[in-house]
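# What the coordinates show
Okay, here's what each chain looks like letter by letter:
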Amino acid sequence: QVQLVESGGGLVQAGGSLTLSCVASGRISSINFMAWYRQAPGEQRELIARITSGGSINYAEQVKGRFTIFRDNAKNTVYLQMNSLKPEDTAVYYCNSQLRTTTSTYVGSYWGQGTQVTVSS
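What counts and what doesn't
Residues numbered from 1 in each chain as written. Predicted model: local features only at pLDDT ≥ 70, side-chain atom pairs only at ≥ 80, totals over all residues. Heavy atoms only, no water. Helix = DSSP H or I, 4+ residues; strand = E, 2+ residues; numbered from the N terminus. Rg over C-alpha atoms; globule rule 2.2 N^0.38 Å. Buried < 20%, exposed > 50% of the residue type's maximum accessible area, 1.4 Å probe, protein only. Contact = heavy atoms within 4.5 Å. Areas by Shrake-Rupley, 256 points an atom, 1.4 Å probe, with all protein chains shown as cover. Lys, Arg positive; Asp, Glu negative; His and termini not counted. Charge placed at Lys NZ, Arg CZ, Asp CG, Glu CD. Pairing = 2+ DSSP bridges. Axes fitted to C-alpha atoms, helices over the stretch in contact; angles between N-to-C directions. Core = buried A, V, L, I, M, F, W, Y, C linked by side-chain atoms within 4.5 Å.

Here we take up the overall build of the protein chain. Secondary structure summary: the protein chain contains zero helices and eleven strands in total. The secondary structure elements of the protein chain, listed N-terminal to C-terminal, are β-β-β-β-β-β-β-β-β-β-β. Computed over its C-alpha atoms, the radius of gyration of the protein chain comes to 14 Å, within 12% of the 14 Å expected for a compact globule of 121 residues. Here the C-alpha coordinates of the protein chain stretch approximately 45 × 25 × 25 Å along the principal axes. Residue burial in the protein chain is summarised as follows: out of 121 residues, 39% are buried. Nonlocal contacts in the protein chain, meaning residues at least 24 apart in sequence, comprise 56% of its contacts between residues at least 6 apart. As displayed, the protein chain offers around 6,300 Å² of accessible surface, 46% of which is attributable to carbon and sulfur atoms. The protein chain carries 10 positive and 7 negative side-chain charges, and their two centres are separated by 9 Å.

Right, dumping it as structure tokens:
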């Protein structure tokens, strides 16, 4: 019913930039928030940035000042602009959204398949 599809990952040198995109599609009634998580090998998945429908934004401390999350509500799309990338930013980046579908009164959490970001030193 709902799909989240990420794009924009890749290989970049330290200090470089990448912009990730995530499009939510399907029978979406409303979106509470959209967020980016990442998971490095052997590590737990961690929240990187989140933006609510009202525009409130939260960042993890380790990316503040380097990453920017923004969204296009009309397109159900969220972006993650990543600048000054470091080797420790290497991970699979996942899009997440808390939303309500047109066929349910409940709010569910949905995930994309992930996109690999690799930062070389």
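This is not the end of the story, as more comes after the structure.
So, about the environment of Ile 51. In this fold, Ile 51 is placed in strand 5 (residues 46-52). If we ignore the near neighbours within four places in the chain, the residues touching Ile 51 are Phe 33, Met 34, Ser 56, Ile 57, Ile 69, Phe 70, Arg 71 and Val 78.

Looking now at unusual backbone geometry. Backbone geometry follows two general trends: most residues other than glycine have a negative phi, and most peptide bonds adopt the trans configuration. Positive phi values are uncommon outside glycine, yet Asn 76 reaches one of about 50°. Overall, Asn 76 belongs to the partly exposed group, its relative accessible area being 22%. Unusually for a residue other than glycine, Ser 84 sits at a positive phi of about 50°. By the secondary structure assignment, Ser 84 is in the loop between strand 8 (77-82) and strand 9 (91-101).

Another aspect to go through is the sheet that holds strand 7 (residues 67-72). The sheet built from four strands is open, its strands ordered 1-3-8-7 with antiparallel pairing. Of all the strands in the sheet, the pair left with one neighbour each is strand 1 (2-7) and strand 7. Sheet twist, expressed as the mean angle between neighbouring strand axes with direction ignored, is 15°.

Here we take up the nonpolar core. With 28 residues, the main nonpolar core has Trp 36, Phe 67, Val 78, Leu 80, Met 82 and Tyr 93 as its most contacted residues. Breaking this core down by element, the ones donating at least two residues are strand 1, strand 3 (18-26), strand 4 (28-39), strand 5, strand 7, strand 8, strand 9 and strand 11 (115-120). In this structure Phe 67 touches Arg 38, Ile 48, Tyr 59, Leu 80, Gln 81, Met 82, Asn 83, Leu 85, Asp 89 and Tyr 93, once residues within four positions along its chain are discounted.

Function cannot be read off these values alone, since they describe shape.
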